[in-house]
Amino acid sequence: MCTEERSLVRKTLKMSLREELSRDSPERPKRGWRLVRNVTSAASAFIPKFKESALPGTPLPNQHNTDHENSKPSLPSYPNEKENVGETSLDGLDPDSLMFRDGRRRIDMVLAYEEEDYGVMTEAEARKREHRRTFQENLIKEGLELELENKSLSFDGKTWFLKVHIPWKTEMRLAEVIGMKLPTKRFITISVRAWSDEKLAEKDKKFYSKWRKKWKQLYEYDHSRIEPEPSFITSTERPGVRRDEQFLVKDRHTQFSPAQRSLLVMQILLRARYDNNETKMGIRRLLNDGTYLACFPLHEGRYNTDNPDKTQTDRRLLYLEWARPAKWYKKQPLWLVRRYFGEKIALYFSWLGFYTKMLYAPAIVGTLCFLYGLASIHSGDNIPSKEICDLSGPGNITLCPLCDKACQYQSLSDSCLFAQLSYLFDNPATVFFAIFMSFWATTFLELWKRKQSVLRWEWDLGGVDQDEDIRPEFETSVKTFRTNPVTREKEPFLAPWQKTMRYVATSSAVLFMITVVMGAVLGTIIYRISMVSVIYGGSGFFLKKHAKIFTAMTAALINLSIIMILTRIYAKIAVYLTNIENPRTHTEYEDSYTFKIFFFEFINFYSSLIYIAFFKGRFYDYPGDDQARKSEFFKLKGDICDPAGCLSELCIQLAIIMIGKQCFNNFVELGYPKLQNWWRQRSHRAVTRDPSKPHMAWEQDYHLQDPGRLALFDEYLEMILQYGFVTLFVAAFPLAPLFALLNNIAEIRLDAYKMVTQARRPLAERVEDIGAWYGILKGITYAAVVSNAFVIAYTSDFIPRMVYKYVYSPDNTLSGYIDHSLSLFNTSDYREDWGADETEIDPPTCAYRGYRNPPSHKDPYGLSPHYWHVFAARLAFVVVFEHVVFGLTGLMQLFIPDIPTELKTQIQRETLLAKEAKYEHGRRRLSTEYRQLINQKGENSERQGPWMRRTSRASDGLDAHVAVSQRPSSPQITD
């Protein structure tokens with residue numbers, strides 16, 4: 001069965017089930033929640049409900065004489081456009097009110113647009129006005145109520161604000177269509193809980209329960225301000241409340257949260273037509289062409305002050321207990337975040353909090369590995385560094401110059417600082433930490449999968465994305481149609497060859513941008529080579545002594561600057577490319593945009609790290625190689641690592657890019673909204689005609705930053721890239737988890753502060769999971785195992801040291817390792833224009849890093865047997881490391897179930913209770929004659945024709961877990 005067929009069958013079953021449950025019988029339970037019931041079918045959910053003729057003016061309901069709960073709004077007629085002026089007085093207006101002027105209807109959405117009196121109206125402005133008139137007519141026909149605030153009351157005298165309210169009947173109709181659930185009355189006396197109180201009591205008797213309670217008191221937010229998060233455990237057994245009074249909707253105004261109400265309003269705004277053409281619909285197109293300037297739900301009051309009656313709004317509570325930096329150690333009130341912002345934003349903060357909590361373990365272990373390296377830097381484990389720094393020993397070895405005619409011969413002891421820095425991160429604890437991080441990453445993904453399944457159950461997110469509608473942009477831009485083979489209805493359709501051509505075009509653009517990134521990396525390499533020549537050619541003593549560190553740091557800073565610039569440019573290009581592809585649904589749109597931007601950012605941020613870790617110095621042969629001097633491109637072969645290894649340079653590059661990116665992003669996330677809001681407020685004051693006029697709530701929110709449709713995308717992307725830094729190259733920088741942890745603690749409060757105080761309230765959305773980001777996390781986790789294996793084997797000196805220690809060392813120590821890892825070059829083999837500065841006197845030989853034969857060998861400068869021993873050991877380590885880690889992580893995935901046992905039992909119990917409830921009210925519906933026919937089916941077997949088979953199947957559909965004696969057995973159906 002195809003996806004469309006399954007979708008149609010699922011919708012048909014939902015509708016038939018609602019019809020069954022609409023009789024005088026109790027509703028089927030699902031954790032004490034039910035689907036919103038209404039007789040309106042899903043097919044007619046968005047059909048206009050009123051058939052009045054089109055109005056010449058902007059249609060508005062009667063502001064003061066409308067019973068918005070029990071009657072449809074009246075549609076006044078205006079004799080001409082001039083009379084459609086909205087409300088021009090300040091009567092009934094309160095700057096902090098969230099209601100219409102009548103004080104009864106809540107403002108669920110605000111639309112803003114501008115009109116100026118310039119005399120003659122342009123054709124474009126006339127078209128926009130006509131679109132607004134038609135659009136607002138259709139909004140009222142769909143059941144919404146509108147109230148228009150005249151532009152004369154606005155701050156600049158030219159901005160109109162249209163307030164939208166969704167009444168009860170329209171609310172219920174739409175809630176049924178999208179599967180939103182409400183509290184309902186319980187009718188089953190059996191306990192719905194699948195767990196027992198004995199287990200909870202035993203848990204409290206543990207020896208650590210006392211300390212756990214104290215930690216919980218410190219960790220929990222202030223319950224005197226915010227109630228504890230509602231759970232099904234507490235709601236099913238509430239002392240002092242009668243069982244038959246639980247789960248009742250007692251207030252129509254508060255049954256849906258403001259976030260849910262804005263979601264319902266948006267369903268109509270997305271589908272309301274603004275032209276006689278059926279394909280021209282949706283608020284998003286009107287926002288894109290400037291017909292409307294903004295569409296946003298209102299924040300609930302001010303965040304920095306209490307209400308006049310000393311009560312606190314949800315926004316105020318979120319600011320006090322969640323968005324302030326002083327609450328960094330407190331638990332997040334996710335249920336309040338969900339109620340205020342919706343499930344999508346709450347799920348993001350739940351994931352971010354879980355990821356931050358999981359970072360504590362690797363941060364502690366990584367810090368201990370670093371401290372071990374710091375404590376043992378002068379111990380026997382660090383013999384190679386001691387030899388490099390020993391001026392009377394190997395440290396006095398002369399190294400070959402790094403460039404021709406500008407560089408000089410150097411002493412090995414000049415690399416002492418690099419050698420000590422490398423040991424801090426390249427010590428015996430590095431391998432353990434790399435293996436630990438591989439297990440940690442797998443554990444993180446598996447535990448999040450379990451956490452997500454619990455949230456999906458608690459927040460009723462199951463099946464949210466199954467019946468997703470077509471994007472309005474897709475419907476209006478696609479000119480080809482087809483007949484749906486399942487519904488037999490006409491629908492927009494993009495042919496496969498058109499999709500292919502669009503994908504080819506966008507893929508070419510992505511590859512071009514990746515080529516630009518590669519060019520930037522190549523530029524930093526050329527800068528590094530050129531800078532070394534310049535420093536050694538004429539700089540002072542200090543720069544010459546620290547030339548390598550100075551070059552590595554400046555190259556990393558330049559690379560970071562290029563990365564941040566390309567990120568800003570490509571973000572706009574990716575949106576344009578995704579619009580060209582024109583995905584069918586919003587989920588497909590987000591997934592396409594996600595993979596484009598991540599693929600580019602992966603190359604953008606990690607390409608320089610991949611080059612240093614796996615390619616730098618791998619193409620270098622020996623100082624007398626003429627291939628490296630044939631062209632500018634082949635000069636890249638001369639970009640070699642320090643004799644102490646490439647790991648120190650990789651560490652510097654990783655630290656600068658990771659920490660620099662975090663600091664820059666945090667500054668931009670906090671500073672840019674503040675700067676933008678300051679400028680908008682300054683512009684507001686400059687154009688305000690009457691400073692004494694009150695600043696209304698919709699004007700206050702209008703001047704805040706617009707979060708946009710992809711409000712959370714940048715937040716997810718930032719964390720995913722950080723996850724890559726923490727896992728892919730953690731062997732080179734064990735402190736990465738610590739810096740990530742510190743950043744995330746601040747990130748949670750910074751994002752919360754930005755959403756609560758600096759941005760407009762985003763539109764609430766319902767999602768089932770974190771989307772494509774989980775697949776990206778999984779891919780990074782698998783790549784991290786391979787990456788760390790190669791970093792340990794090829795970037796660090798762990799394998800060469802072990803080979804020397806157990807194969808070549810006479811006393812199984814690392815004494816003599818430095819001399820063993822260097823090869824000799826006869827300076828007489830330099831050509832005339834090669835070698836060091838002419839002022840230098842050439843020594844007989846100089847050393848360079850590598851395993852090659854000496855000049856006196858029959859194959860001078862060829863690969864020595866030592867090279868092949870090390871090569872084989874490195875390859876063997878990579879294969880063994882990958883197989884062991886992948887095998888053990890696979891076992892972890894096998895033993896960690898995706899769904900907790902308690903939740904699985906609870907879901908099974910709910911299914912059982914739903915079957916029993918379905919059977920119970922099904923039995924009550926059956927008439928006496930119908931039951932008699934079923935009871936006689938065994939005695940009259942000759943009647944079992946097609947009609948009886950249909951009735952028996954209907955009976956089986958009402959089957960449930962009850963005693964056989966209490967219900968007739970189903971007949972044996974034979975085909």
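All figures in this text were calculated on a predicted structure; none of them were measured in a lab.

### A few points about the nonpolar core
At step 1: Counting 139 residues, the largest nonpolar core has Trp351, Tyr355 and Phe444 as its most contacted members.
At step 2: The biggest single contributor to this core is helix α25 (residues 772-795), with 12 residues.
At step 3: Sequence-distant contacts of Tyr355, that is, excluding residues within four places in its chain, are made with Trp440, Phe444, Met719, Gln722, Tyr723, Val726 and Asn744.

### Thoughts on the sheet that holds strand β3 (residues 145-149)
At step 1: Strand order in the open sheet formed by four strands is β3-β4-β2-β6, and the pairing between neighbours is antiparallel. Edge strands, defined here as strands with exactly one partner in the open sheet, are β3 and β6 (294-296). The average angle at which neighbouring strand axes cross in this sheet is 20 degrees, direction not considered.
At step 2: Relative to strand β4 (residues 159-165), strand β2 (residues 109-114) runs antiparallel, the two being bridged by six bridges. Each residue of the ladder has a partner; that of Leu111, found in β4, is Leu162.
At step 3: Against the sheet, helix α2 (residues 123-141) touches β2, β3 and β4, its axis set at about 160 degrees to β2.

### Re the pattern of salt bridges
At step 1: Throughout the structure, instances matching the rule amount to 25 salt bridges.
At step 2: As a salt-bridge pair, Arg106 and Glu300 come within 3.5 Å of each other at their nearest N and O atoms. Of this pair, Arg106 sits in the loop between β1 (33-35) and β2 while Glu300 sits in the loop between β6 and α9 (314-323), placing them 194 residues apart in sequence. When sorted by exposure, Arg106 lands in the same class as Glu300, which is buried.
At step 3: A salt bridge links Lys163 to Glu147; its shortest N-O distance comes to 2.5 Å. In this pair, Lys163 sits in strand β4 while Glu147 sits in strand β3, placing the two residues 16 residues apart along the sequence. For the pair formed by Lys163 and Glu147, the shared burial category is buried.
At step 4: Salt bridges sharing common partners tie together Arg101, Glu147, Glu149 and Lys163.

### Some details on helix α21 (residues 647-687)
An α-helical turn contains 3.6 residues, so any two residues separated by three or four positions project in the same direction.
At step 1: Taking 1.5 Å of rise per residue, the 41 residues of α21 would be expected to cover 60 Å, and the 58 Å separating its terminal C-alpha atoms lies within 8% of that figure.
At step 2: A bend of about 25 degrees at Gly671 is the largest found in α21, and the proline Pro673 appears one to four places after it.

Analysis parameters
Residues numbered from 1 in each chain as written. Predicted model: local features only at pLDDT ≥ 70, side-chain atom pairs only at ≥ 80, totals over all residues. Heavy atoms only, no water. Core = buried A, V, L, I, M, F, W, Y, C linked by side-chain atoms within 4.5 Å. Buried < 20%, exposed > 50% of the residue type's maximum accessible area, 1.4 Å probe, protein only. Helix = DSSP H or I, 4+ residues; strand = E, 2+ residues; numbered from the N terminus. Contact = heavy atoms within 4.5 Å. Pairing = 2+ DSSP bridges. Axes fitted to C-alpha atoms, helices over the stretch in contact; angles between N-to-C directions. Salt bridge = Lys/Arg side-chain N within 4 Å of Asp/Glu carboxyl O. Expected span 1.5 Å × (residues − 1). Bend = angle between axes of the 7 residues up to and from the residue.

Remember that the coordinates give geometry; whether it matters functionally is a separate question.
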